[in-house]
Amino acid sequence: EGPLSDDYNKFIKRGFDVLFSLFIITFILSWLSVILFILIKLESKGPLFYKHKRNGIDYKEFDCYKYRSLKTTEEVKGTYVKPQDPRLTKIGKFLRRTNMDELPQFVNVLKGEMSVVGPRPHMLSYTDEYSKVINKYNFIYRHHIKPGITGLAQVSGFRGEVETDNDIINRVKYDNFYIENWSILLDLKIIFQTIVNIIKGEEKAY
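These figures come from a predicted structure and were not determined experimentally. (Residues numbered from 1 in each chain as written. Predicted model: local features only at pLDDT ≥ 70, side-chain atom pairs only at ≥ 80, totals over all residues. Heavy atoms only, no water.)

Some thoughts on empty space enclosed by the protein
Part 1 of the reasoning: All told, the structure shown has one cavity of 30 Å³ or more when counted by the stated rule.
Part 2 of the reasoning: Roughly 30 Å³ of internal volume is contained in the largest cavity.
Part 3 of the reasoning: Lining the largest cavity, in full, are Asn55, Gly56, Pro119, Arg120, Pro121, Arg142, His143, Ile145 and Pro147.
Part 4 of the reasoning: For the lining of the largest cavity, the per-class residue count stands at four nonpolar, three polar and two charged. (1 Å grid on protein atoms, 1.4 Å probe; cavity = no way out; pocket = protein on both sides within 12 Å on 5 of 7 lines; lining within 4 Å. Points joined across faces, edges and corners; volume = space filled by probe spheres on them. Nonpolar A, V, L, I, M, F, W, Y, C, P; charged D, E, K, R; others polar.)

A short note on a positive patch on the surface
Part 1 of the reasoning: Together, Lys71, Lys90, Lys93 and Arg97 give the surface a local cluster of positive charge.
Part 2 of the reasoning: Looking at the secondary structure, you find Lys90 in helix α2 (residues 90–97). (Patch = residues over 30% accessible without salt bridge, like charges linked within 9 Å, V, L, I, M, F, W, Y side chains within 5 Å. Areas by Shrake-Rupley, 256 points an atom, 1.4 Å probe, with all protein chains shown as cover. Salt bridge = Lys/Arg side-chain N within 4 Å of Asp/Glu carboxyl O. Lys, Arg positive; Asp, Glu negative; His and termini not counted. Charge placed at Lys NZ, Arg CZ, Asp CG, Glu CD. Helix = DSSP H or I, 4+ residues; strand = E, 2+ residues; numbered from the N terminus.)

Focus on the pattern of salt bridges
Part 1 of the reasoning: Using the criterion set out here, one finds eight salt bridges in the structure.
Part 2 of the reasoning: A salt bridge links Lys132 to Asp128; the shortest N-O distance between them is 3.8 Å.

A closer look at the packing of aromatic side chains
Where two aromatic rings form a pair, the distance of their centres and the angle of their planes describe that pair.
Part 1 of the reasoning: Tallied over the entire structure, the rule returns seven aromatic pairs.
Part 2 of the reasoning: Relative to Phe27, the ring of Phe23 lies with its centre 5.1 Å away and its plane at 45 degrees, an arrangement referred to as tilted. With Phe23 and Phe27 both in helix α1 (residues 7–43), this residue pair falls four residues apart, about one helical turn.
Part 3 of the reasoning: On the accessibility criterion, Phe27 (51% relative accessible area) is exposed. (Phe/Tyr/Trp six-rings, centres within 6.5 Å; stacked < 30°, edge-to-face > 60°. Buried < 20%, exposed > 50% of the residue type's maximum accessible area, 1.4 Å probe, protein only.)

Quick word on the pairing of strand β2 (residues 61–67)
On a regular strand, one side chain projects to one face of the sheet and the next to the other, so that they alternate.
Part 1 of the reasoning: For strand β1 (residues 49–55) and β2, the ladder comprises seven bridges, and the chain directions are antiparallel. If you follow Tyr50 over to β2, its bridge partner there is Lys66.
Part 2 of the reasoning: Here β1 folds back onto β2 in antiparallel fashion, the turn holding five residues, of which Asp58 has a positive phi close to 55 degrees. (Pairing = 2+ DSSP bridges.)

Digging into a nonpolar patch on the surface
Part 1 of the reasoning: A surface patch of nonpolar side chains, about 710 Å² in accessible area, is lined by Trp31, Val34, Ile35, Phe37, Ile38, Leu39 and Leu42.
Part 2 of the reasoning: Its place among the elements puts Ile35 in helix α1.
Part 3 of the reasoning: The partly exposed category is assigned to Ile35, whose relative accessible area is 42%.

Remarks on the packing of α1 against α2
Part 1 of the reasoning: Look at α1 against α2: their axes get within 8 Å of each other, and the N-to-C directions meet at 135 degrees. On the basis of the axis angle, α1 is oblique to α2. Where α1 abuts α2, its residues Leu36, Leu39, Ile40 and Glu43 lie against Lys90, Ile91 and Leu95.
Part 2 of the reasoning: Residue composition of the contact of α1 with α2, by class: five nonpolar, no polar and two charged. (Axes fitted to C-alpha atoms, helices over the stretch in contact; angles between N-to-C directions. Parallel < 35°, antiparallel > 145°, perpendicular 65-115°, else oblique. Contact = heavy atoms within 4.5 Å.)

With respect to unusual backbone geometry
Part 1 of the reasoning: One non-glycine residue, Asp58, lies in the positive phi region at around 55 degrees.
Part 2 of the reasoning: Within the secondary structure, Asp58 is located in the loop between β1 and β2.

What about the layout of surface pockets?
Part 1 of the reasoning: The volume enclosed by the second largest pocket comes to roughly 230 Å³.
Part 2 of the reasoning: Lining the second largest pocket we find Leu4, Ser5, Lys10, Lys13, Arg14, Asp17, Ile57, Ser115, His144, Ile145 and Lys146.
Part 3 of the reasoning: Here the lining of the second largest pocket takes four residues from α1, the largest share from any one element.
Part 4 of the reasoning: Per-class residue counts for the lining of the second largest pocket are three nonpolar, three polar and five charged.

The structure is reproduced here in structure tokens:
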């Protein structure tokens, strides 16, 4: 049980998600997608968008959308993108460094598969891998709500590549703290901090 077990709080969070995602899709994605379509196509063959399976609420699988940043759309099991990854395109490096590659996930939010703020969804292979490291109850609990485009763990320094067990253990701790202490003000604070981090630049943004 937590704040988001309450129907009123669910309504508030979903209402915010819909309004915020409609704003981003209408006023940013509508023109940005046209520009990126040209730039991405000029550098490499393939689609504008890249979709991959992720685990959502209650472990349900869904197609998570991104702007394509790699020369391939093939998902390599257990392989994070490295800073000098040869698969990265030039425009892809910029998209990942600024987190702009994540913007299509506002479509996932509008579809009800994701939330603006919440635990980041993992690839299916990583979900299986991490479940062996984390306390079973804690890991299940982080899948109690919809995954987010950004989250408390990400703005607290636990984003991107998991290099040690402590990285994922701390990520799950922050995810569960968020679920237990959710409020709309906390969501706004996380969104604001995400924007600040993008402007400042992040070490693990690659």
